[in-house]
Amino acid sequence: MLKFRLKKIDHLTRYFLIGAIVVFVGYIHQWQNNAFLLFVGPILYLAYGLRKFASSLVENFPSTEMINFYFFLLPLTFVYFGFVGFLIKKLCNERGVTRFVSLFAFLLFLAYIHYTAWKTLAGYFAAPVI
């Protein structure tokens, strides 16, 4: 019987934070709109909710693209990808069947929310059909 062993992954969260930088810069500079929208979709929903909450607290909250990108989207991108990297690292360091079941369920959940957010947001950013 073939046994598959994963070593302890110590620095996985750092790689996810580097990925967060790439995703944020790629989304801001519109390198590949659909590809980066797939990765940043749930974060856009979080940023919109936080932006709406902040504007309900402050009456004349400024609404500029720079504030939306660098005050809301950038920190949430780091928090989201850092948290996902941390959870994957913790799940990979588990033992036995628990590792595979929980890691599979978590990755399937991530794929679902990213696909659903991408599918919904791609309709907003698509050019109208004439």
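First, a word on what this report is: a plain description of the structure on this page. The model shown is predicted, which means the values in this text are computed figures rather than measured ones.

1. Here we look at the overall build of the protein
Helix and strand content of the protein: 4 helices and 0 strands. Seen in sequence order, the protein has helices and strands lined up from the N terminus as α-α-α-α. Considering the protein as a whole, with its 130 residues, one finds that 30% of them fall into the buried category. Across the protein, every contact between residues at least 6 apart in sequence was considered, and the portion connecting residues at least 24 apart equals 68%. Total accessible area computed for the protein in this model is approximately 9700 Å², and 69% of it derives from carbon and sulfur atoms.

2. Quick notes on the packing of aromatic side chains
According to the stated counting rule, one finds 7 aromatic pairs in the structure shown. Centre to centre, the rings of Tyr80 and Phe81 are 5.7 Å apart; their planes meet at 85°, and the pair counts as edge-to-face. The same class applies to Tyr80 and to Phe81, which are both buried. Between the aromatic rings of Tyr115 and Trp118, the centroid separation amounts to 5.9 Å while the plane-to-plane angle is 40°, which identifies the pairing as tilted. In this pair, Tyr115 and Trp118 both sit in helix 4 (residues 97-125), 3 residues apart, roughly one turn of the helix. Of the residues examined, Tyr115 reaches a relative accessible area of 43% and is grouped as partly exposed. Ring-pair connections join several aromatic residues into one group, and the members of that group are Phe61, Phe71 and Phe72.

3. Notes on the nonpolar core
Tyr27, Leu37, Val40, Ile43, Leu44, Leu73 and Ile88 are the most contacted members of the largest nonpolar core, which totals 28 residues. Mapped onto this core, the elements with two or more residues apiece are helix 1 (12-28), helix 2 (33-57), helix 3 (65-92) and helix 4. Here this core takes 10 residues from helix 3, the largest share from any one element. Dropping the residues within four chain positions of it, Leu44 is found in contact with Tyr27, Leu37, Leu73 and Leu121.

4. With respect to a nonpolar patch on the surface
A cluster of nonpolar side chains, contributed by Tyr15, Ile18, Val22 and Trp31, occupies part of the molecular surface with about 460 Å² of accessible area. Looking at the element boundaries, Ile18 is found in helix 1.

5. Quick notes on helix 3
Over its 28 residues, helix 3 runs 38 Å from end to end, which matches the ideal 40 Å to within 8%, given 1.5 Å per residue. Of all the bends in helix 3, the largest measures some 35° and sits at Leu73, one to four residues before the proline Pro75.

6. Concerning the packing of helix 2 against helix 3
Orientation of helix 2 relative to helix 3, taken along the N-to-C sense of each, is 125°, at an axis distance of 9 Å. When the axes of helix 2 and helix 3 are compared, the pair comes out oblique. Of the two possible hands of crossing, helix 2 and helix 3 adopt the one that is right-handed. Every residue of helix 3 that contacts helix 2 at Phe39, Val40, Pro42, Ile43, Leu44, Leu46, Ala47, Leu50, Arg51 and Ala54 is listed here: Asn68, Phe72, Leu73, Leu76, Thr77, Tyr80 and Phe81. The class makeup of the residues in the contact of helix 2 with helix 3 is 14 nonpolar, 2 polar and 1 charged.

7. Focus on the packing of helix 1 against helix 2
As a packed pair, helix 1 and helix 2 sit with axes 9 Å apart at the nearest point and diverge in direction by 100°. Classified by the angle their axes make, helix 1 and helix 2 are roughly perpendicular. Seen from helix 1, the contacting residues are Val22, Val23, Gly26 and Tyr27; seen from helix 2, they are Phe36, Leu37, Phe39, Val40 and Leu44.

Each value, and the rule that gives it
Residues numbered from 1 in each chain as written. Predicted model: local features only at pLDDT ≥ 70, side-chain atom pairs only at ≥ 80, totals over all residues. Heavy atoms only, no water. Helix = DSSP H or I, 4+ residues; strand = E, 2+ residues; numbered from the N terminus. Buried < 20%, exposed > 50% of the residue type's maximum accessible area, 1.4 Å probe, protein only. Contact = heavy atoms within 4.5 Å. Areas by Shrake-Rupley, 256 points an atom, 1.4 Å probe, with all protein chains shown as cover. Phe/Tyr/Trp six-rings, centres within 6.5 Å; stacked < 30°, edge-to-face > 60°. Core = buried A, V, L, I, M, F, W, Y, C linked by side-chain atoms within 4.5 Å. Patch = residues over 30% accessible without salt bridge, like charges linked within 9 Å, V, L, I, M, F, W, Y side chains within 5 Å. Salt bridge = Lys/Arg side-chain N within 4 Å of Asp/Glu carboxyl O. Expected span 1.5 Å × (residues − 1). Bend = angle between axes of the 7 residues up to and from the residue. Axes fitted to C-alpha atoms, helices over the stretch in contact; angles between N-to-C directions. Parallel < 35°, antiparallel > 145°, perpendicular 65-115°, else oblique. Left-handed = near helix turned anticlockwise from the far one by under 90°. Nonpolar A, V, L, I, M, F, W, Y, C, P; charged D, E, K, R; others polar.

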